[in-house]
Amino acid sequence: MLNLLLFGPPGAGKGTQAIKIAEKFGLMHISTGDLLRAEVAAGTPLGISAKQLMDKGILVSDEIVIGMIDSKIEKNLSGKGFIFDGFPRTLPQAEALDKLLSDYEMPITITLALEVDEEELYKRISLRGKISGRVDDQDRNTFLKRMDVYNKETSPLKEYYKKTGVLVTLNGIGEIDEIFNSLSKEITAKL
Ligand code: AMP
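First, a word on scope: everything that follows refers to the structure included in this document. Note that the coordinates shown come from a computational prediction; the quantities given were computed from them, not determined experimentally.

Taken together, 16 residues lie near the ligand, and Thr32, Arg37, Ile58, Gly86 and Gln93 sit nearest. Within the contact set of the ligand, a nitrogen atom lies 2.8 Å away from a side-chain nitrogen or oxygen of Thr32. Between the ligand and Gln93, the relevant distance is 2.9 Å, taken from a nitrogen atom to a side-chain nitrogen or oxygen of the residue. Compared with its free state, where it exposes 480 Å², the ligand has 96% of that area covered by protein.

In regular strands, side chains alternate between the two faces of the sheet. Among the five residues of strand 3 (residues 81–85), five are classified as buried, and the element is accordingly described as predominantly covered. Taking every second residue as pointing to the same face, both faces of strand 3 are buried, with Gly81, Ile83 and Asp85 on one and Phe82 and Phe84 on the other. One ladder, built from five bridges, connects strand 1 (residues 2–7) with strand 3; its direction is parallel. Bridge pairing in strand 3 links Leu2 to Gly81.

Quick look at the sheet that holds strand 2 (residues 28–31) now. Sheet architecture is open: five strands sit in the order 2-3-1-4-5, paired in parallel fashion. Looking at strand neighbours, the two that pair on one side only are strand 2 and strand 5 (167–171), the edges of this open sheet. Neighbour to neighbour, the strand axes of the sheet diverge by 20 degrees on average, direction disregarded. Pairing analysis gives five bridges linking strand 4 (residues 110–115) to strand 5, with the strands arranged parallel. Looking at strand 5, one finds that Leu112 is bridged to Val168. Relative to strand 2, helix 2 (residues 32–42) is tilted by about 70 degrees, and along the sheet it contacts strand 2 and strand 3.

Turning to the packing of aromatic side chains, a few remarks are in order. Here the structure, examined in full by the defined rule, presents five aromatic pairs. Across the ring face of Phe180, the terminal group of Lys20 is positioned such that the distance to the ring centre comes to 4.9 Å.

Under the 1.5 Å per step criterion, the end-to-end length of helix 4 (residues 62–75) is 20 Å for 14 residues, consistent within 8% with the ideal 20 Å. Among all positions of helix 4, only Val65, Ile66, Met68, Ile69 and Ile73 are buried. Mapping the buried residues of helix 4 onto a view down its axis gives an arc of 160 degrees, with all of them on the same face. Along helix 4, the residues that are exposed and aim more than 90 degrees away from the buried face are Glu63, Glu74 and Lys75.

The next subject is the layout of surface pockets. Taken as a whole, the largest pocket encloses approximately 1,100 Å³ of empty space. In terms of lining, the largest pocket is formed by 50 residues, of which the most central are Gly11, Lys14, Arg128, Arg134 and Arg146. Elements that contribute at least two residues to the lining of the largest pocket include exactly strand 1, helix 1 (14–25), strand 2, helix 2, helix 6 (118–132), helix 7 (140–154) and helix 9 (176–189). Here the lining of the largest pocket takes six residues from helix 6, the largest share from any one element. Its residues assigned to classes, the lining of the largest pocket shows 22 nonpolar, 16 polar and twelve charged. Looking at the second largest pocket, its volume works out to about 160 Å³.

The rules we used
- Residues numbered from 1 in each chain as written.
- Predicted model: local features only at pLDDT ≥ 70, side-chain atom pairs only at ≥ 80, totals over all residues.
- Heavy atoms only, no water.
- Near = heavy atom within 4 Å.
- Polar contact = N/O pair within 3.5 Å; in protein donor to acceptor, adjacent residues only side chain to side chain.
- Areas by Shrake-Rupley, 256 points an atom, 1.4 Å probe, with all protein chains shown as cover.
- Buried < 20%, exposed > 50% of the residue type's maximum accessible area, 1.4 Å probe, protein only.
- Helix = DSSP H or I, 4+ residues; strand = E, 2+ residues; numbered from the N terminus.
- Pairing = 2+ DSSP bridges.
- Axes fitted to C-alpha atoms, helices over the stretch in contact; angles between N-to-C directions.
- Contact = heavy atoms within 4.5 Å.
- Phe/Tyr/Trp six-rings, centres within 6.5 Å; stacked < 30°, edge-to-face > 60°.
- Lys NZ or Arg CZ within 6 Å of the ring centre and 35° of its normal.
- Expected span 1.5 Å × (residues − 1).
- Arc of directions from axis to C-beta.
- 1 Å grid on protein atoms, 1.4 Å probe; cavity = no way out; pocket = protein on both sides within 12 Å on 5 of 7 lines; lining within 4 Å.
- Points joined across faces, edges and corners; volume = space filled by probe spheres on them.
- Nonpolar A, V, L, I, M, F, W, Y, C, P; charged D, E, K, R; others polar.

Shown next, in the form of structure tokens:
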């Protein structure tokens, strides 16, 4: 099984690249942001409470996202593997994912970290906000809050994955296909 983590700040291109990678390598794409937005759209109690946090750029509780990931993995064990996009975002999430994957005897193949500077991220996020209508993409202060959360809670996970020897850092600025090719090369090297 191939298990990939796609890592990066808001607007780094994780979603765009994860869709392409999932298609090329036959993986199941799991985006916690998409799963949460589906709950919001369906108006579930989980979605209603998550929306209040998401609109402000605050993380939803570890317990909720870990539960969502667990049930997605469990239902898709017969596939070729997974690409996780936007998860894990905190140390408890990373530890929970390790535990889940070791229970299923499927280690992380590679963690791919996309690097993009803050100015470029803000340009992309504000453009996406106009197209998608996402509340959290439309306000500069919310963007800054998400960056702060990323820098404090998520970015330290790079060290975590460096220690286990599965971290590859890549430049996330350039043409979509150019970045996709460099990601694909790293993945292919692990096959
Ligand atoms: P994203 O689509 O990945 O940018 O996520 C949008 C929002 O969903 C985030 O700002 C968080 O509020 C929430 N979210 C997505 N993934 C997670 C996660 N792994 N842990 C906690 N909150 C999350």
